[in-house]
Amino acid sequence: KGGPTAASNNTPGFNVGWGLWDGGVDIIDAQGVASVYTADAYWLSAERADIADLTGSWSYSGVVDHDGSGSHGSLDTLDMGFDVHFGSGQITSGFFDADVGATTWYSEFTGTVHGPVANINDFANSTITGLTSPSITGEIRGIFTGTGTNQGFATGFSLHEAGGHAGNKSSNCAPLIN
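Residues numbered from 1 in each chain as written. Predicted model: local features only at pLDDT ≥ 70, side-chain atom pairs only at ≥ 80, totals over all residues. Heavy atoms only, no water.

A. Up close: the overall build of the protein. Helices and strands together make up the secondary structure of the protein, namely zero helices and 14 strands. Scanning the protein from its N terminus toward the C terminus, one meets helices and strands in the order β-β-β-β-β-β-β-β-β-β-β-β-β-β. Sorting the 178 residues of the protein into buried and exposed places 38% on the buried side. By sequence separation, contacts in the protein at least 24 residues apart represent 50% of the contacts at least 6 residues apart. Summing over all exposed atoms, the protein offers an accessible surface of approximately 8,400 Å²; the carbon and sulfur share of this is 50%. (Helix = DSSP H or I, 4+ residues; strand = E, 2+ residues; numbered from the N terminus. Buried < 20%, exposed > 50% of the residue type's maximum accessible area, 1.4 Å probe, protein only. Contact = heavy atoms within 4.5 Å. Areas by Shrake-Rupley, 256 points an atom, 1.4 Å probe, with all protein chains shown as cover.)

See below:
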C-alpha cells in the first residue's frame, strides 16, 4: 500500500533516513493476523551501532532534525535528551519537549536498553498545555546508531493524552547526537 515520500537524511556521519509513508501499510501481528493501517505513517531506517561501541555511560541531547504531526497539527519544535548506562541497561534523566500546533507537550521519562534498542514508556511530571489532561502515555522507541565516539540515537514515538482524549501525535526524529 502507498509508498514513501522523499527521505530526509540531514545527519552527516550517520546512515539514517526517515519520512512520511503515504497511503497506509499492511500490518501482520505475531499470530499472523493481517490488518490495514490506512492513515499516513512515519517511517525510520537507521544502521544500528556496533554493540562493542555501546559501553559505559553516555548523554544524548539536541535533536538534529525531525518530522511529524498529530491531531493538533504539525510537529513544529522538538527537544529531547537522556542519559544511558549501557552496563545496567537503564535510561535516566530523560525529557521530551515538543510544540504541536497550539499545544506544548513536556514529560520526563526513564526506560531500558537491550543491545542497540531503547524502549521508553515510563513518563512522569507531564504537562500538556491547551488540552484537558496533564498526563502523557505511549512509547518512544529507538536505535543507537553511529560508530566509535560518533554515536547517535534515531527514534520514533507515539504519544497520547492520557485518558483517551483527542490529542495524540506521532513522529520520527533524527539522531540525538552525543
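B. Examining the packing of aromatic side chains more closely. Per the stated rule, a full pass over the model turns up ten aromatic pairs. Aromatic side chains F82 and F144 sit 6.3 Å apart centroid to centroid with 75 degrees between the ring planes, which places their arrangement in the edge-to-face category. Here F144 lies in strand β12 (residues 136-147) and F82 lies in strand β8 (residues 73-85), a separation of 62 residues in the sequence. Each member of the pair, F82 as well as F144, carries the same accessibility label: buried. Aromatic ring contacts, followed pair by pair, group W58, Y60, F82, F86, F109, F123, F144 and F153 into a single cluster. (Phe/Tyr/Trp six-rings, centres within 6.5 Å; stacked < 30°, edge-to-face > 60°.)

C. Representation of the nonpolar core within the structure. Ranked by size, the top nonpolar core spans 28 residues in total, and within it V84, F96, F109, I140 and F144 carry the most contacts. Of all elements in the fold, only β6 (57-61), β8, β9 (90-100), β10 (103-114), β11 (117-129), β12 and β13 (150-161) reach the threshold of two or more residues within this core. Examining the composition of this core, we find that five residues originate from one element, β8, more than from any other. Counting residues in each nonpolar core, the second largest holds five residues, with F14, V16, I143 and A154 among its members. (Core = buried A, V, L, I, M, F, W, Y, C linked by side-chain atoms within 4.5 Å.)

D. Highlighting the pairing of β9. Note that β8 and β9 share nine bridges and pair antiparallel. Bridge pairing links L75 to V100 in β9. Pairing of β9 with β10 involves nine bridges; the strand directions are antiparallel. Across the sheet, F96 pairs through a bridge with S107, a residue of β10. Taken together, β9 and the strand that follows it, β10, pair antiparallel across an intervening segment of two residues, in which G101 is found at a positive phi of about 60 degrees. (Pairing = 2+ DSSP bridges.)

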